[in-house]
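Survey of secondary and tertiary structure
Residue-level listing of the chains:
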Amino acid sequence: MSTTAVDRATEVRRLERVEGWKRRLPILPALLFTIFVTQIPFLFTLFYSLTDWRIDTPEPREFIGFDNYSSLPDDGFFRDAAWVSVQMTVLAVLLSLVVGTGLAVLLDRKFFGQGFVRTLLITPFLVMPVVAGFLWKTQMFSATFGVLNWLLEQVGIEPVEFATKYPLWSVIVVLVWQWSPFMMLIVLAGLQGQDSSVLEAARVDGATSWGIFRQITFPQLRPYLELGTLLGAIYLIQVYDHIEVITGGSPDSKNLPFYIAQRSIGGGNRFGLASSYSIIVVIASIIIANIGLRVLSNLLEGEK
């Protein structure tokens, strides 16, 4: 390659870099703001996790390295909270996915009032978590005037204080109620992206509705189902509001975020130890988020 060609290629690359910076410049303030409000608090939390910071003693904060992390395996309450987090997240995500898929299949057809019904089904996802928890605790689970207990009384069953007797399942039910619409929207997008000619050809060949769903629709929905599962897990592992409102943090419903809050601002005052717990939860969330981003990337490439 001649010197002129090399110089020309170098100039082209330089111009491409300049153009790239020109395109990125308008979003640079937003990027810096995002880094400021997310990464700086994270770095402070990481530093605090290496200290014995407490506010209930006059002793100064000391750097203790990884002692907080080494104490995690011996903390039985942490293990219990982690197990509750696993149960709550897995059950809520899977049940939401099943219910959302069923609703999406029902909505993936033309009928009178389809838009109105779709709006009604989406509404629970738009309700604030605190409001949703309070609504279910007072209007649905209450042993005195709850709707569920009224139904039980009609068939001769004694009232049950669901939030007290079944705290974990009470929270899971509310999470499923709120997150099923989210799963429904994702699955509905996959259903409406199907090739109608393929489905029509299968019907002409005598395939049943169940056979079409199992052999054609479900394989095409798999990326959407994986995406919904991973996005739901990322959000539901951080649940706090529902637990606080519905059960007040009873042992059977206390997950990691609630336990971390108790160990710090909830009266435990051990901010250094709580920070180390937070870092563990963040690491788990990052792992799940990375998997979710890979699935999303594959999904978009498939669409292309």
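Anyway, here's the lowdown on the structure attached to this text. (Residues numbered from 1 in each chain as written. Predicted model: local features only at pLDDT ≥ 70, side-chain atom pairs only at ≥ 80, totals over all residues. Heavy atoms only, no water.)

1. A look at the packing of aromatic side chains
Where we set the bar: Pairing of aromatic side chains requires ring centres within 6.5 Å, counting the rings of Phe and Tyr and the six-membered ring of Trp. Pairs whose planes differ by under 30 degrees are stacked, by over 60 edge-to-face, and all others tilted. Runs of E in the DSSP output that reach at least two residues are strands. Runs of H or I that reach at least four are helices, and both are numbered from the N terminus. Burial classes: relative accessible area under 20% of the type maximum marks a residue as buried, over 50% as exposed, and values in between as partly exposed (1.4 Å probe, protein chains only).
As enumerated under the stated definition, the model contains 13 aromatic pairs in all. Note on W136 and W177: the rings are 5.8 Å apart at their centroids and 65° apart in plane angle, and the pair reads as edge-to-face. Within this pair, whereas W136 is found in helix α6 (residues 129-140), its partner W177 is found in helix α9 (residues 167-192), the two being separated by 41 residues in sequence. Judged by relative accessible area, which is 10%, W136 ranks as buried. The rings of F125, W179, F182 and Y235 are connected pair by pair, giving a single aromatic cluster.

2. Concerning the pattern of salt bridges
Applicable threshold: Put simply, a salt bridge is a Lys or Arg side-chain nitrogen that is within 4 Å of an Asp or Glu carboxyl oxygen.
A complete count under the given rule lists one salt bridge for this structure. The salt bridge partner of R222 is E226, with a shortest N-O separation of 3.1 Å. Here R222 pairs with E226, and both are found in helix α11 (residues 209-236), just four residues apart, close to one helical turn. Judged by its relative accessible area of 53%, R222 falls in the exposed class.

3. A short note on a nonpolar patch on the surface
The condition is simple: A residue counts toward a patch only above 30% relative accessible area and without a salt bridge, and it is joined to like-charged neighbours within 9 Å or, for Val, Leu, Ile, Met, Phe, Trp and Tyr, to nonpolar neighbours within 5 Å. Only the protein chains shown count as cover for residues, and the accessible areas themselves come from Shrake-Rupley with a 1.4 Å probe.
Taken together, F33, F36, V37, I40 and F44 make up a surface patch of nonpolar side chains, about 500 Å² in accessible area. With respect to the helices, strands and loops of the structure, V37 is situated in helix α2 (residues 28-48). V37 sits in the partly exposed class, given a relative accessible area of 40%.

4. Remarks on the packing of helix α5 (residues 114-126) against α9
Our working rule: Axes, fitted as lines to C-alpha atoms, cover a helix only where it is in contact. Angles between the N-to-C directions of the axes lie from 0 to 180 degrees. If an angle is under 35 degrees, it is roughly parallel; if it is over 145, roughly antiparallel; if it lies from 65 to 115, roughly perpendicular; otherwise it is oblique. Here a crossing is taken to be left-handed if its near helix is turned anticlockwise relative to the far helix by less than a right angle, and right-handed if that turn runs clockwise. Here, residues are in contact when the closest pair of their heavy atoms is within 4.5 Å. Note that Gly is not counted as nonpolar here; it falls among the polar residues with everything else outside the nonpolar set of Ala, Val, Leu, Ile, Met, Phe, Trp, Tyr, Cys and Pro and the charged set of Asp, Glu, Lys and Arg.
In contact at an axis separation of 6 Å, α5 and α9 are set at 130° when each is read in the N-to-C sense. Between α5 and α9, the interaxial angle falls into the category oblique. In this structure, the crossing between α5 and α9 has a hand that is left-handed. On the side of α5, the interface is formed by R118, L121, I122, P124 and F125, while α9 contributes W177, Q178, W179, P181, F182, M184, L185, L188 and Q192. The class makeup of the residues in the contact of α5 with α9 is eleven nonpolar, two polar and one charged.

5. Observations regarding the side chain of D75
Note the following rule: Whenever a nitrogen or oxygen atom comes within 3.5 Å of another N or O atom, the pair is scored as a polar contact, on the condition that within protein one atom can donate a hydrogen and the other can accept it, and that pairs from neighbouring residues in sequence are kept only if both atoms are in side chains.
Along the chain, the position of D75 falls in the loop between α3 (67-70) and α4 (76-107). In this structure D75 comes out as buried when scored by relative accessible area, which is 10%. Polar contacts involving the side chain of D75 include one to the side chain of Y277, which spans 2.3 Å. Residues in contact with D75, not counting those within four places in the same chain, are Y259, R263 and Y277.

6. A short note on the side chain of S253
By the secondary structure assignment, S253 is in the loop between α12 (241-246) and α13 (256-263). Of the polar contacts made by the side chain of S253, one reaches the side chain of T247; its length is 2.7 Å. Setting aside its immediate chain neighbours within four residues, S253 contacts V84, M88, P167, L168, V171, I243 and T247.

7. Thoughts on α6
Rules: Take the number of residues in a helix, subtract one, and multiply by 1.5 Å to get its expected span.
Here α6 spans 15 Å end to end across twelve residues, near enough to the 16 Å set by a 1.5 Å rise per residue. All of the buried residues along α6 are A132, G133, W136 and T138. Lining the buried residues of α6 we find α9 and α12.

8. Notes on the nonpolar core
Rules: Among buried residues, the Ala, Val, Leu, Ile, Met, Phe, Trp, Tyr and Cys ones that are joined through side-chain atoms within 4.5 Å form a nonpolar core.
Judged by nonpolar contacts, the single largest core of 33 residues is most densely connected at M88, L175 and L236. Elements with a minimum of two residues in this core: α4, α9 and α11. Per-element accounting of this core gives the leading share, 13 residues, to α9. Those residues in contact with M88 that lie beyond four places of it in its chain are L168, V171, I172, L175, V239, I243, S253 and N255.

9. Examining the packing of α4 against α13
Between α4 and α13, whose axes approach to 8 Å, the crossing angle comes to 145°. Here α4 contributes F77, F78, A81, A82 and S85 to the contact with α13, which in turn contributes L256, P257 and Y259. Counted by class, the contact of α4 with α13 contains seven nonpolar, one polar and no charged residues.

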